[in-house]
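Architecture at a glance
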Amino acid sequence: EGTLVVDLSRDFDSVVGPAKQLAIAQIVMSATEAPGVSRVRFQVGGRDIRVASPTRGDTDRLDDCDVSSLLPTELAARDRRRCPPCSSRSPRRRT
C-alpha cells in the first residue's frame, strides 16, 4: 500500500474552514479507493503542506480513517467498523 501525492493549484489556498476540510476528505476517500493507495499526501504548487485531520490534528498525510468522521452518517458508521479508534492509532507530532 502506498501514498499518493496530490499537487493542488495555489487556488486551493483560498478555500478555508469546513469547505477545505470536506474537500480534503473527498480527495482522500476517492484516492484511497484506488488499488495500492492507502494514504494521501498533499502539495500546493509543488510544495508539501500539512492538512487538518479530525482525529490527529495537523499531519503531512491522511488515510480514509482520518476523515471518515466527516462522511454522512451511514457511510461513517460503515468505516468506523473498519477503522481502529483514534486512541489506538499512534498520533503524529506537529513539527
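Presented here is an overview of the structure given in this document. (Residues numbered from 1 in each chain as written. Predicted model: local features only at pLDDT ≥ 70, side-chain atom pairs only at ≥ 80, totals over all residues. Heavy atoms only, no water.)

**Points about the pattern of salt bridges**
Evaluated as defined, the whole model comprises 3 salt bridges. Measuring nitrogen to oxygen at the nearest pair gives 2.6 Å for the salt bridge that ties Asp-48 to Arg-41. Two residues, Asp-60 and Arg-61, come together in a salt bridge whose shortest N-O distance is 3.7 Å. The exposure class assigned to Asp-60 is partly exposed, which follows from its relative accessible area of 28%. (Salt bridge = Lys/Arg side-chain N within 4 Å of Asp/Glu carboxyl O. Buried < 20%, exposed > 50% of the residue type's maximum accessible area, 1.4 Å probe, protein only.)

**Thoughts on the nonpolar core**
In summary, soluble globular proteins display a tendency toward joint burial of nonpolar side chains. In terms of nonpolar packing, the biggest core is built from 16 residues, with Leu-8, Ile-24, Val-28, Val-40, Phe-42, Leu-62 and Val-67 touching the most fellow members. When residues of this core are assigned to their parent elements, the largest contribution, 5 residues, is made by helix α1 (residues 17-31). If near-sequence neighbours (up to four positions away) are discounted, Ile-24 is found in contact with Phe-12, Phe-42, Val-51 and Leu-62. (Core = buried A, V, L, I, M, F, W, Y, C linked by side-chain atoms within 4.5 Å. Helix = DSSP H or I, 4+ residues; strand = E, 2+ residues; numbered from the N terminus. Contact = heavy atoms within 4.5 Å.)

**Some words on the environment of Leu-8**
Relative to the helices and strands, Leu-8 resides in strand β1 (residues 2-8). Taking relative accessible area as the criterion, Leu-8 reaches 16% and is therefore assigned buried. Leu-8 sits 39 residues away from Arg-47 along the chain, and the two C-alpha atoms are 9.4 Å apart. Those residues in contact with Leu-8, other than ones at most four positions away along the chain, are Ile-27, Phe-42, Gln-43, Val-44 and Gly-45.

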